[in-house]
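Observations on the model geometry
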Amino acid sequence: MTSSRDDSDEFGAHVSTAGGLATAPARAREIESTSLQLFTKQPTRWAEPVVDPALALAFGEERDTHQIRVAGSHDSYLINLATPKSELWERSYQSFRKELARCTALGLQFLVTHPGNATDGDDASGIARNAEGVTRALEEVEGCTRVLLELTAGGGTTVGGSFEKLAAILEQVPDELQKRLGVCFDTCHAYSAGYDLVGDYDGVWASFDDALGLERLGLFHLNDSKNPFASRKDRHEHLGEGSLGVEPFRRIVLDPRFLGIPKILETPKESDPVGNDLKNLGLLRSFRRQG
Ligand SMILES: [Zn+2]
Ligand SMILES: [Zn+2]
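Structure report, in brief. Model, not experiment: these values are computed from the prediction.

About the cut-offs
- Residues numbered from 1 in each chain as written.
- Chains lettered and ligands numbered in written order.
- Predicted model: local features only at pLDDT ≥ 70, side-chain atom pairs only at ≥ 80, totals over all residues.
- Helix = DSSP H or I, 4+ residues; strand = E, 2+ residues; numbered from the N terminus.
- Rg over C-alpha atoms; globule rule 2.2 N^0.38 Å.
- Buried ≥ 20, exposed ≤ 12 C-beta atoms within 10 Å, placed from the backbone.
- Axes fitted to C-alpha atoms, helices over the stretch in contact; angles between N-to-C directions.
- Parallel < 35°, antiparallel > 145°, perpendicular 65-115°, else oblique.
- Left-handed = near helix turned anticlockwise from the far one by under 90°.
- Contact = placed C-beta atoms within 7 Å.
- Nonpolar A, V, L, I, M, F, W, Y, C, P; charged D, E, K, R; others polar.
- Pairing = 2+ DSSP bridges.
- Core = buried A, V, L, I, M, F, W, Y, C linked by C-beta atoms within 7 Å.
- Expected span 1.5 Å × (residues − 1).
- Right-handed = clockwise from strand over helix to strand, strands pointing away.

**Considering the overall build of the chain**
The helix and strand inventory of the chain stands at nine helices and 10 strands. Against the compact-globule benchmark of 19 Å for 291 residues, the chain has a radius of gyration of 18 Å, which places it among compact chains. Seen through its C-alpha atoms, the chain measures out along the principal axes to roughly 50 × 50 × 35 Å. Taken across its 291 residues, the chain has 46% of its residues classed as buried.

Structure follows, in structure tokens:
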């Protein structure tokens, strides 16, 4: 057990739940973090486990023990709430609703969701279908978990690859649900989608503010990219070792507008999850110490 953790820092990582959901808080502690992201189920399977009261209690106890301030989930990769295929949409909707129910039962603060693909190329209809799914789930599952639409890398027929598309989804959700909605900004996805965090950092954030409003920003995923700018490809790299390099991460960490917004790594774990996460988190923490 480490004693060097700074309990005020907002840096964390997606952690494994091997051995059960209640093992996640200890894994965050191992990497000296008070923030974590997890999968509440296997993200490549349709099976939908239920979080029973005993599991919720065990998770809460571990969370308390390890003083985890922020915990959230990333939804299944199979969910596509923008699909034109009605059977897949319904299956996706049920999966998303059950995901939100698990998050609520666990007391998670956020649920990151990929906006999906309009595979017939009709973006406007895909956006409307996504907004409908998010709206229904928020109406049917009451609670505090905030749904965060993640900016995607912009490949294929995704309806999540630009600030304007995310804004179009958010606009179609009723006002009374807006406080339970926000955006997750993934640096790898943004750079791949054509937002030049390296060459035009200020311009990217001006665009975000214009389209969405900075107050919508609920979470960062801090990942470098294995692919070049505007590649529309999504492959994460260790911070500072990809096409983004070190500087955008330094600027985000030191940007006063983003202080306190949770910042989660989804960088490669390889054969040493703890060592690799500590290395990437160490870079972020060094910026903060240098000021
Ligand atoms: Zn994601
Ligand atoms: Zn991400």
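What follows continues from the structure just given.
**A word on the packing of helix α8 (residues 247–254) against helix α9 (residues 273–290)**
In the contact formed by α8 and α9, the axes pass within 9 Å of each other and the chain directions differ by 55°. Considering the angle they form, α8 stands oblique to α9. Helix-helix and strand crossings are classified by hand; for α8 and α9 the assignment is right-handed. Counting all contacts with α8, which are made through Phe249, Arg250, Val253 and Leu254, the residues of α9 involved are Leu283, Leu284, Phe287 and Arg288. The residue makeup of the contact of α8 with α9, split by class, is six nonpolar, no polar and two charged.

**Details of the sheet that holds strand β4 (residues 110–113)**
Backbone-to-backbone hydrogen bonds join strands into a sheet, with any given pair of strands oriented parallel or antiparallel. On the basis of which strands lie adjacent, the closed barrel formed by eight strands has the order β1-β2-β3-β4-β5-β6-β7-β10 and parallel pairing. Averaged over all adjacent pairs, the angle separating strand axes in this sheet is 30°, with direction ignored. The sheet contact formed by strand β7 (residues 217–222) and strand β10 (residues 263–265) spans three bridges and is parallel. Bridged to Phe220 within β10 is Lys263. Contacts from α9 reach β1 (11–14), β7 and β10, with the element oriented near 155° to β1.

**Focus on the nonpolar core**
Core analysis: the largest hydrophobic core is formed by 70 residues, its most contacted members being Leu36, Leu111, Leu148, Leu166, Val183, Cys184 and Ala190. The element contributing the most residues to this core is helix α3 (residues 86–106), with six residues. If sequence neighbours within four positions are ignored, Leu111 has contacts with Gly72, Ser73, Asp75, Glu99, Leu100, Cys103, Thr145, Val147 and Leu148.

**Some details on helix α4 (residues 123–140)**
Taking 1.5 Å per residue as the helical rise, α4 with its 18 residues ought to reach 26 Å, and the 26 Å between its terminal C-alpha atoms agrees with that figure. Looking at the buried side of α4, the elements it contacts are α3, β5 (146–150) and α5 (163–171).

**Section: the pairing of strand β3 (residues 70–74)**
With five of five residues buried, β3 is to be regarded as a mostly interior element. Across the two faces of β3 the burial is the same, with Val70, Gly72 and His74 and Ala71 and Ser73 all buried. In terms of strand pairing, strand β2 (residues 35–38) meets β3 through four bridges, oriented parallel. Considered in β3, the bridge of Leu36 is made with Ala71. For the segment spanning β2, helix α2 (residues 53–65) and β3, crossover handedness is right-handed. Pairing geometry for β3 and β4, over three bridges, is parallel. Its bridge partner lying in β4, His74 is registered against Val112. Regarding topology, α3 serves as the crossover connection from β3 to the parallel β4, and that connection is right-handed.

**Structural notes on the packing of α5 against helix α7 (residues 201–211)**
Closest axis-to-axis distance for the α5/α7 pair is 9 Å, and the angle between their directions is 20°. In terms of their interaxial angle, α5 and α7 are classed as roughly parallel. In the packing of α5 onto α7, the handedness of the crossing is right-handed. Across the interface between the two elements, Phe163, Glu164 and Ala167 of α5 pack against Ser207, Phe208 and Ala211 of α7. When its residues are assigned to classes, the contact of α5 with α7 shows four nonpolar, one polar and one charged.

**Quick notes on the pairing of β4**
Side chains Phe110 and Val112 project from β4 onto one buried face, and the interleaved Leu111 and Thr113 project onto a second face that is buried too. Sheet topology note: the β4/β5 ladder contains four bridges and is parallel. If you follow Val112 over to β5, its bridge partner there is Leu148. Crossover handedness for the path β4 to α4 to β5: right-handed.

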